[in-house]
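Now for the letters of each chain:
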Amino acid sequence: MLKCLSVAGSDCSGGAGIQADLKAFSANETFGMSVITSVVAENTTRVLSVFNVPVEEIQKQIDAVFEDIHVDAVKLGMLPTAEIISAVADKLNEYKPSIIVCDPVMVATSGDALSEGGTVSTMREKLFPIVTLLTPNIPEAEAISGLEIKNENYMEKAARIIMDMGVKNVLVKGGHLTGDAVDYLCTPEGVHKLACKRVDSPNTHGTGCTLSSAITANLAHGMDMLSAVTKAKNYITEAIEKSFTVGKGHSPVNHFYDYYDLKGTVL
Ligand SMILES: Nc1ncnc2c1ncn2[C@@H]1O[C@H](COP(=O)(O)OP(=O)(O)OP(=O)(O)O)[C@@H](O)[C@H]1O
Ligand SMILES: Cc1ncc(COP(=O)(O)O)c(N)n1
């Protein structure tokens, strides 16, 4: 069994963060593990509070996993402070996992901040040189590239700017635009446009976390970057399409649509 580790924040309502990552790892046939960076009191409508785990405890969790278990791939989610980014990067440099997918989480679907301001420069200095793939959404790609993304054409430009910062592969996600759900994948081989139909649904809580974790699992399985991202993109589209209501706001996606029907009966 391949083993994937998520280093991310906890979403008590189960739709995003570590909880989404573990579900996506399992649904994509890998064993999931978690290092919790922050305990977020949040639900489908809002963030009530953010309690960051002390850096030493994050380091110890990473040590506990790596001293005992071979990690096939790592996914990075919410790294809320420059100090945490720096400490996680140092640990990754120590243990050198071969695959690192980084979702540079800054803001929740509800619009609430999940990261201190001013973390982009630390991410750029410490994480960009070591990540295999960076997966910013539109606001994150704007913050990193400094480019205002007015439409699809600017997504590709932003991806190229971020590649020029030394990132090996970049996926700029277009969930926040209108029209088809279009993402741009920039690899050393070129730019690939990945378009799926936009599902008319408010159930998008955790889409970014789920997509990046599915990509991580696919890369752990040995897929090349384009195949891993394409398969994960199809997975997230279907997971949104087959989602159900949880709470009063943006419900999560259905990670296990392939395994259970909406009454929980095994397919
Ligand atoms: N309504 C939708 N229908 C189909 N695909 C979607 C929809 N919304 C988002 N996606 C897709 O989901 C993935 C995540 O994209 P998005 O831009 O929403 O990331 P994110 O902002 O990090 O996630 P979130 O909105 O959960 O914070 C992308 O592949 C995007 O194209
Ligand atoms: C703990 C935590 N991490 C990340 C997100 C963003 O998730 P997404 O961008 O996938 O909605 C979130 N809402 N909560």
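Criteria and cut-off values
- Residues numbered from 1 in each chain as written.
- Chains lettered and ligands numbered in written order.
- Predicted model: local features only at pLDDT ≥ 70, side-chain atom pairs only at ≥ 80, totals over all residues.
- Heavy atoms only, no water.
- Axes fitted to C-alpha atoms, helices over the stretch in contact; angles between N-to-C directions.
- Helix = DSSP H or I, 4+ residues; strand = E, 2+ residues; numbered from the N terminus.
- Parallel < 35°, antiparallel > 145°, perpendicular 65-115°, else oblique.
- Left-handed = near helix turned anticlockwise from the far one by under 90°.
- Contact = heavy atoms within 4.5 Å.
- 1 Å grid on protein atoms, 1.4 Å probe; cavity = no way out; pocket = protein on both sides within 12 Å on 5 of 7 lines; lining within 4 Å.
- Points joined across faces, edges and corners; volume = space filled by probe spheres on them.
- Nonpolar A, V, L, I, M, F, W, Y, C, P; charged D, E, K, R; others polar.
- Near = heavy atom within 4 Å.
- Polar contact = N/O pair within 3.5 Å; in protein donor to acceptor, adjacent residues only side chain to side chain.
- Areas by Shrake-Rupley, 256 points an atom, 1.4 Å probe, with all protein chains shown as cover.
- Sits in = over half its atoms within 2 Å of the grid points.
- Core = buried A, V, L, I, M, F, W, Y, C linked by side-chain atoms within 4.5 Å.
- Buried < 20%, exposed > 50% of the residue type's maximum accessible area, 1.4 Å probe, protein only.

### Observations concerning the packing of helix α2 (residues 55-66) against helix α3 (residues 82-95)
Here's step 1: α3 packs onto α2 with a crossing angle of 20° between their chain directions and a minimal axis gap of 10 Å. In terms of orientation, α2 and α3 fall into the roughly parallel class. Crossing handedness for the pair α2 and α3: right-handed. Touching Val55, Ile58, Gln59, Ile62, Asp63 and Phe66 of α2 are Glu83, Ile84, Ala87, Val88, Lys91 and Tyr95, all from α3.

### So, empty space enclosed by the protein
Here's step 1: This model, assessed by the stated rule, comprises 1 cavity of 30 Å³ or more.
Here's step 2: For the largest cavity, the full set of lining residues is Gly77, Leu79, Cys102, Asp103, Pro104, Val105, Met123 and Leu127.
Here's step 3: Grouping the amino acids of the lining of the largest cavity by side-chain chemistry returns 6 nonpolar, 1 polar and 1 charged.

### Here we look at the site of ligand 1
Here's step 1: As a structural note, the neighbourhood of ligand 1 is formed by 17 residues, with Asn137, Lys173, His176, Asp183 and Val199 the closest of them.
Here's step 2: Within the side chain of Thr207, one N or O atom sits 2.8 Å away from an oxygen atom of ligand 1.
Here's step 3: A distance of 3.1 Å separates an oxygen atom of ligand 1 from a polar backbone atom of Gly208.
Here's step 4: In isolation ligand 1 has 610 Å² of accessible area, and contact with the protein removes 94% of it.
Here's step 5: Placement of ligand 1 is best described as lying within the largest pocket.
Here's step 6: In terms of residue class, the shell around ligand 1 is made up of 4 nonpolar, 8 polar and 5 charged.

### Re the nonpolar core
Here's step 1: In this structure, Leu5, Leu76, Val88 and Leu127 are the most contacted members of the largest nonpolar core, which totals 45 residues.
Here's step 2: Those residues in contact with Leu5 that sit more than four places away from it in its chain are Phe25, Met33, Ser34, Val35, Val65, Phe66, Val71, Ala73, Val74 and Lys75.

### Details of the site of ligand 2
Here's step 1: Around ligand 2, the structure places 16 residues, and the nearest of them are Glu42, Thr109, Gly206, Gly208 and Cys209.
Here's step 2: Contact distances for ligand 2 include 2.7 Å between a nitrogen atom and a side-chain N or O atom of Glu42.
Here's step 3: Within the backbone of Gly208, a nitrogen or oxygen atom sits 3.1 Å from an oxygen atom of ligand 2.
Here's step 4: Against a free-state accessible area of 370 Å², the protein chains account for coverage of 95% of ligand 2.
Here's step 5: The pocket occupied by ligand 2, as judged from atoms lying within 2 Å of grid points, is the largest pocket.
Here's step 6: Elements with a minimum of two residues in the shell around ligand 2: β1 (3-11), β2 (31-42) and α7 (207-220).
Here's step 7: Here the element with the most residues in the shell around ligand 2 is α7; it accounts for 3 residues.
Here's step 8: By residue class, the composition of the shell around ligand 2 is 7 nonpolar, 8 polar and 1 charged.

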